[in-house]
2 protein chains.
Amino acid sequence: MNVSFERVVIAGVGLIGGSFAAALRQAAVARHLVGVGRSRASLDEALALGLIDEVQTDWAAALKGADLVLLAMPVGQMATVMAAMAPHLEAQTLVTDAGSTKADVIDAIYTHLGVHIARFVPAHPIAGAEKSGPAAASATLFQDRKVVLTPLPENAPDAIDRVRAAWVACGAQMFQMSPQEHDRVFAAVSHLPHLLAFGLVHDLAARANAEQLFKYAASGFRDFTRIAGSHPEMWRDICVANRQALLAELDAYLAQLAWLRALLLQGDGQELEKLFSEASAARNKWANSQ
Amino acid sequence: MNVSFERVVIAGVGLIGGSFAAALRQAAVARHLVGVGRSRASLDEALALGLIDEVQTDWAAALKGADLVLLAMPVGQMATVMAAMAPHLEAQTLVTDAGSTKADVIDAIYTHLGVHIARFVPAHPIAGAEKSGPAAASATLFQDRKVVLTPLPENAPDAIDRVRAAWVACGAQMFQMSPQEHDRVFAAVSHLPHLLAFGLVHDLAARANAEQLFKYAASGFRDFTRIAGSHPEMWRDICVANRQALLAELDAYLAQLAWLRALLLQGDGQELEKLFSEASAARNKWANSQ
C-alpha cells in the first residue's frame with residue numbers, strides 16, 4: 001500500500017520518535033514533520049538535526065491538519081499526553097504509538113481518547129534503545145526490525161492499513177498480536193532480562209570492592225550488562241506498567257535459580273551440565289537462525 | 001624479559017590451548033609444539049591447522065625434554081591430568097594452566113605435583129570462550145587481554161618470571177592476585193553472569209511457547225544470552241569447582257531480586273528509577289572506560 005502524509009506530529013523526538021521521523025522523510029512519505037515534547041532542548045536538537053521541520057509546544061497548533069501522530073515517550077507519560085491531545089484531535093488524524101507495553105497504553109486510550117478509538121492503532125517497534133535522545137536517531141533504526149501491531153476491535157480497517165503502511169515505509173517487518181499476549185511475551189524476552197541486568201550491575205556497583213570487580217569484568221560481562229545501560233525512566237515505566245506479567249516471569253526465573261542453587265549446593269555436575277547443554281543448544285540454534 | 005622454549009607441551013588443544021600455541025609460534029618463542037589431549041580428533045585438527053607440530057598420546061614421550069607445559073582443559077580434568085603427568089615430569093619443566101578457577105587447581109597441584117610445586121605457576125587468561133575447539137583458536141586471542149597469575153609461596157622466582165614472560169609473549173597484560181581473591185572476583189563478574197544466562201535460556205526454552213518467545217527476542221536478548229552459548233562441560237566444572245564463592249554471589253543476587261520483586265509488587269516507580277539510574281550510570285561509566 002502506498003501511503004503519504006502531509007503533516008506528521010512526533011510526540012517525543014528521542015531515539016524512537018526521531019528515527020521514525022527520519023525514516024518517513026527518507027521514504028519520502030511525510031511532507032511536513034512537527035515535533036512536540038516536554039524537553040525544549042530535545043526539540044531544538046531534533047530541529048537542528050533536520051529530523052523535524054517545526055517545533056510546537058501547543059497541542060492545538062500541533063494537531064491542526066495532522067494526518068498522523070506518533071506517541072514516542074516513556075509509557076508512564078502516555079495517559080497525560082493523550083488527555084492533553086484529546087480536545088484538539090481532528091476526526092481524520094491517525095494515531096499510533098511506540099510503547100514497549102500495550103495493555104496500559106490501551107487502557108489510557110479507552111480512558112482519554114474513547115471517541116477517537118477507531119483511528120488509534122497501537123504499535124511496538126522492537127528496536128534497540130540503550131542509547132537515547134535525538135542525536136541517536138537514525139533513518140535505518142527500523143530497517144528489517146519487527147514492529148508488533150496490537151489493533152483494537154474498534155479500529156477502522158483503513159486506519160490499521162495506513163498505520164501499518166507508515167511502519168512499513170520505515171522498513172519494518174510487521175507482526176500482529178493481542179495486547180495481553182504481547183505483554184506476556186515481552187515480559188519474558190525483554191523486560192525480565194533488563195530487570196536482571198540492572199539488578200546485577202546495581203548489586204556489584206554498591207560493593208566496597210566495586211572498582212576491582214569492574215576491572216576484571218570482560219567481554220561476557222560487557223554483553224550481559226549492555227541492556228543495564230538503558231534509559232532508566234523508560235524502563236521504570238515499562239516495569240511498572242507491565243508488572244503483573246513481569247512478576248510472573250520473575251517468579252518463574254526465581255524458581256529456576258532455586259533449582260540451580262540446589263544443584264550447586266549438592267555439587268551435582270551431571271545435572272548442571274545437562275541444564276547448560278540444553279541452554280547452550282537452544283541459544284545457539286536461535287542465534288544462528290537470526 | 002626475553003624468553004624462548006625448545007619444546008612446549010599443550011595439554012588440551014581447544015580455543016585456549018590452540019591460541020596459546022599459535023601466539024607463542026607467532027612470537028617466535030617456541031621451536032617445537034606438542035599437543036596432548038583426550039580427543040584424538042581435536043589433536044589431529046590442531047596438527048592439520050598447524051597449531052602444533054606433533055601429537056602425543058603418551059605422557060612419558062610428550063614430557064621428555066619439555067621446557068613448558070600448558071594445561072588447558074576444563075578444570076574438572078586437571079587433577080587426573082596432573083596425576084598422569086607426575087611420574088614423567090622432568091625437574092626443569094615449567095608448568096602453567098589456563099583454568100578459570102584457581103583454588104581447586106592449586107589443591108590438585110599440592111595433591112599430585114607436590115614435588116614439582118616450585119615450577120607450577122597457576123594462571124587464568126581472561127579471554128572469551130563461547131566458541132570452542134582448535135578451529136576457533138587465534139594467535140591474537142590474548143592480545144591486550146588480562147592474564148591473572150596466582151603464584152604460590154613455593155614458586156621459584158625464575159619460574160614465575162618465565163611463565164609471565166610466556167604469557168607476555170602472547171600479548172597479554174599481566175595481573176597478580178591470591179587464588180582466593182581471584183575466585184571471589186570471578187564468581188561475581190564471570191561465573192554468576194554465566195549461571196544467570198544459562199538459567200534464563202533454559203527456563204524459556206522449556207516453555208510450550210518457546211518458539212514464539214525466541215521469535216520476538218531481539219538484540220538485547222542476543223547480547224544478554226551470548227554467554228549461555230558457552231561450553232557446557234567447561235562451565236559445569238567451573239561452577240562445581242567454585243561453588244562456594246558462586247553460592248555467596250548467587251545469594252547476594254537473590255537478595256537483590258527479592259528487593260526488586262518488592263518494588264514491582266508495590267509499583268514503586270521512584271525506587272525502581274533510582275536503582276536503574278545507579279546501575280545505568282555505573283555500567284556506562286565502566287563500558288566507556290574500557
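Residues numbered from 1 in each chain as written. Chains lettered and ligands numbered in written order. Predicted model: local features only at pLDDT ≥ 70, side-chain atom pairs only at ≥ 80, totals over all residues. Heavy atoms only, no water.

Of the regular secondary structure elements, chain A holds 12 helices and nine strands. Expected size for 290 residues packed as a compact globule is a radius of gyration near 19 Å; at 21 Å, chain A falls within 12% of this value. Its C-alpha atoms give chain A principal-axis dimensions of about 70 × 40 × 35 Å. The buried share of chain A, taken over its 290 residues, is 58%. Sequence-distant contacts, at least 24 apart, represent 75% of the contacts inside chain A between residues at least 6 apart. Counting every atom, chain A has about 10900 Å² of accessible surface; 51% of that belongs to carbon and sulfur. (Helix = DSSP H or I, 4+ residues; strand = E, 2+ residues; numbered from the N terminus. Rg over C-alpha atoms; globule rule 2.2 N^0.38 Å. Buried < 20%, exposed > 50% of the residue type's maximum accessible area, 1.4 Å probe, protein only. Contact = heavy atoms within 4.5 Å. Areas by Shrake-Rupley, 256 points an atom, 1.4 Å probe, with all protein chains shown as cover.)

Residues and elements named next belong to chain A. What the domain assignment reports for chain A is domain 1 (5–177) and domain 2 (181–279). On a C-alpha basis, the centroid separation for the pair domain 1 and domain 2 is 31 Å. Taken residue by residue, the interface counts 18 residues in domain 1 and 16 residues in domain 2. Note on domain 1 versus domain 2: buried area summed over both sides is about 1400 Å², and carbon and sulfur give 65% of it. At the boundary of domain 1 with domain 2, the tally comes to seven residue pairs in polar contact (both at pLDDT 80 or more). Considered class by class, the residues forming the side of domain 1 that touches domain 2 number seven nonpolar, seven polar and four charged. (Domains from an automatic or database assignment. Buried area = accessible area lost by both parts, 1.4 Å probe. Polar contact = N/O pair within 3.5 Å; in protein donor to acceptor, adjacent residues only side chain to side chain. Nonpolar A, V, L, I, M, F, W, Y, C, P; charged D, E, K, R; others polar.)

Another aspect to go through is the packing of helix H12 (residues 269–289) of chain A against helix H7 (residues 179–205) of chain B. In contact at an axis separation of 8 Å, H12(A) and H7(B) are set at 75° when each is read in the N-to-C sense. Overall, the two elements H12(A) and H7(B) adopt an arrangement that is roughly perpendicular. Counted together, Leu275(A), Phe276(A), Glu278(A), Ala279(A), Ser280(A), Ala282(A) and Arg283(A) of H12(A) and Leu195(B), Phe198(B), Val201(B), His202(B) and Ala205(B) of H7(B) form the full contact between these two elements. Of the residues belonging to the contact of H12(A) with H7(B), the class tally is eight nonpolar, two polar and two charged. (Axes fitted to C-alpha atoms, helices over the stretch in contact; angles between N-to-C directions. Parallel < 35°, antiparallel > 145°, perpendicular 65-115°, else oblique.)

All names here are of chain A. Residue alternation in strand E8 (residues 146–149) divides its side chains into two sets, Lys146 and Val148 and Val147 and Leu149, and both sets are buried. Pairing between E8 and strand E9 (residues 173–176): four bridges, direction parallel. Its bridge partner being in E9, valine 147 is matched across the sheet by methionine 174. Between E8 and its parallel partner E9, the chain crosses via helix H6 (residues 157–169), and the hand of that crossover is right-handed. (Pairing = 2+ DSSP bridges. Right-handed = clockwise from strand over helix to strand, strands pointing away.)

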